[in-house]
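Each chain is listed here by its residues.
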Amino acid sequence: MRADVESLQAEIKQSLELLRRHLDWDVANVRLDELNARVEDPSLWNDPTEAQKIMRERTRLEDAIGAYRRLEAELRDTLDLAEMAEAEGDETMVDDAVTTLRGLRDDAAGAEVKALLSGEADANDSYLEVNAGAGGTEAQDWAEMLLRMYTRWAEQHGYKVELMEDSAGEQAGIKSATIMVKGLNAYGWMKTESGVHRLVRISPFDSNARRQTSFASVWVYPVVDDTIEVEILDKDLRIDTYRASGAGGQHVNKTDSAIRITHMPTGIVVACQSDRSQHKNRSQAMSMLKARLYERELQIREEAAQAQADEKTAIGWGHQIRSYVLQPYQMVKDLRTGAETSDTQGVLNGDLDRFMAAALAARVEGSGTEVSDLD
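Residues numbered from 1 in each chain as written. Predicted model: local features only at pLDDT ≥ 70, side-chain atom pairs only at ≥ 80, totals over all residues. Heavy atoms only, no water.

Trainee: What am I meant to see in the side chain of Thr-341 here?
Mentor: Position of Thr-341 relative to the elements: it lies in strand S11 (residues 340-341). The exposure class assigned to Thr-341 is buried, which follows from its relative accessible area of 9%. At 3.1 Å, the side chain of Thr-341 and the side chain of Arg-354 are in polar contact. What Thr-341 contacts, discounting residues up to four positions off in sequence, is Gln-330, Met-331, Val-332, Val-347, Arg-354 and Phe-355. (Helix = DSSP H or I, 4+ residues; strand = E, 2+ residues; numbered from the N terminus. Buried < 20%, exposed > 50% of the residue type's maximum accessible area, 1.4 Å probe, protein only. Polar contact = N/O pair within 3.5 Å; in protein donor to acceptor, adjacent residues only side chain to side chain. Contact = heavy atoms within 4.5 Å.)

Quick look at the structure:
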């Protein structure tokens, strides 16, 4: 059999074996049978919250098990076709088989990564916060580039993006911004993006065209739904109101509708100015705080994860998770996994899947398991 067919076959089988292992195949099939039986019980919907939780778990297992069986069957059929084509000397049919195998390889790798999204909050919507590091306009412009990159990534995956709060830079870019990314598994995909991102480029703001290094931090935390309990005491909160930034003229916000909440025991600060109603902004800010506190607890309990939630590390050298080099050569490299590409423009336009997939796999393999329950 041709070498490329054998190579693709090996890659697909490896992904399928990892998918089977991540699922704990025998246990997953038994669990799916149990869930199917529960769904048939009319009394399940007496507790809508529990019913939704059961349905989400069932859908995840059903999709993963179904994907494995489909890919295994398609691999077998394609290999049979390739073997027959080679025996008959039909190079066109062999080429078609190779093309099919390449597609199966990508599908198998995608199914493998999707199986890793089994944490308690992985299926939830996600907040993403960007903060410019030291360096004034350079860093603020880089922060805005990162915000655009993640917005593009989200839109390419069919997610909806809502701007929750932003603070404009003095000359260009942003000092900080928070968006909500809405869609299935938004947090699961994005959770490994937290950290410091480093940019090296010829500065567009330097008349001498010198090379500059800029830093910005990204912070990702899940939107917490009613199935997850997070206790927040009123005495631990400081709530401030301020005038939201926005367009001038007739659209200027003339009331102090923006809300900033500080959780004093942890020092966590959240802000929301997405609505003209102070009441709605307060409610949304409380949801953001609940999400931040939940993410903090996840980070504390996840031994292999970096302890980023107690206090943010300095946005600078030694703490970066990824470097984006535009000069003197083109390269984006993840410093945790070694994943890299020379397609810098593709990455800045939202092509992040290779980095997210590699970080997810490394995170699960490094910790042995995902945090799935908080007592």
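Trainee: Looking at this structure, I do not really get unusual backbone geometry. What am I missing?
Mentor: Most of the time, phi is negative for any residue but glycine, and the peptide bond is trans. That bond from Gln-327 to Pro-328 is cis: its omega, 5°, falls within 30 degrees of zero. Looking at the secondary structure, you find Pro-328 in the loop between strand S9 (320-325) and strand S10 (331-334). Phi is positive for Asp-24, which is not a glycine, with a value near 55°. Along the chain, the position of Asp-24 falls in the loop between helix H1 (3-23) and helix H2 (25-39). The backbone of Asn-185 shows a phi angle near 70°, a positive value even though the residue is not glycine.

Trainee: Looking at this model, I keep getting lost on H1. Mind explaining?
Mentor: In this model, H1 (21 residues) spans 30 Å end to end at C-alpha, consistent with the 30 Å of a helix rising 1.5 Å per residue. If you check which residues of H1 are buried, you get Val-5, Leu-8, Gln-9, Ile-12, Ser-15, Leu-16, Leu-18, Leu-19 and Leu-23. At its buried positions, H1 is contacted by H2, helix H3 (48-88) and helix H4 (91-114). One or two steps after H1, the chain reaches Asp-24, where phi turns positive at roughly 55°. (Expected span 1.5 Å × (residues − 1).)

Trainee: When you look at the pattern of salt bridges in this model, what are you seeing that I'm missing?
Mentor: A side chain of one charge can pair with a side chain of the opposite charge if their charged atoms are brought near each other. Tallied over the entire structure, the rule returns 19 salt bridges. Residue Glu-340 is joined to Lys-333 by a salt bridge in which the shortest nitrogen-to-oxygen separation is 3.9 Å. When its relative accessible area of 36% is taken as the criterion, Lys-333 is described as partly exposed. One salt-bridge network, held together by shared partners, links Glu-193, Arg-322, Asp-334 and Arg-336. (Salt bridge = Lys/Arg side-chain N within 4 Å of Asp/Glu carboxyl O.)

Trainee: Even after reading the chapter, I still don't get the packing of aromatic side chains, so can you show me in this structure?
Mentor: Think of a pair of aromatic rings as described by two things: how far the centres are apart, and how the planes are tilted against each other in angle. Scanning the entire structure with this criterion turns up four aromatic pairs. Between Trp-25 and Tyr-68, the ring centres sit 4.6 Å apart and the planes meet at 50°, which makes this aromatic pair tilted. Highlighted residues: Trp-25 in helix H2 and Tyr-68 in helix H3, separated in sequence by 43 residues. In this structure Trp-25 comes out as buried when scored by relative accessible area, which is 12%. Lying across the ring of Tyr-242, Arg-260 places its NZ or CZ 4.4 Å from the centre. In this structure, Arg-292 packs its charged tip against the face of Tyr-221, placed 5.0 Å from the ring centre. (Phe/Tyr/Trp six-rings, centres within 6.5 Å; stacked < 30°, edge-to-face > 60°. Lys NZ or Arg CZ within 6 Å of the ring centre and 35° of its normal.)

Trainee: Would you take a moment to explain the sheet that holds strand S1 (residues 126-132) for this structure?
Mentor: Paired through backbone hydrogen bonds, the strands of a sheet run either parallel or antiparallel to each other. If you walk across this open sheet you meet the eight strands as S2-S3-S1-S5-S4-S9-S10-S11, and the pairing is mixed. The sheet is open, and its two borders are formed by strand S2 (160-168) and S11, each paired with just one other strand. Relative to strand S5 (residues 211-222), strand S4 (residues 195-202) runs antiparallel, the two sharing eight bridges. Its bridge partner being in S5, Val-196 is matched across the sheet by Ser-217. Set on the sheet, helix H5 (residues 137-156) makes contact with S1, S2, strand S3 (174-182), S4, S5 and S9; between it and S5 the angle comes to about 45°. (Pairing = 2+ DSSP bridges. Axes fitted to C-alpha atoms, helices over the stretch in contact; angles between N-to-C directions.)

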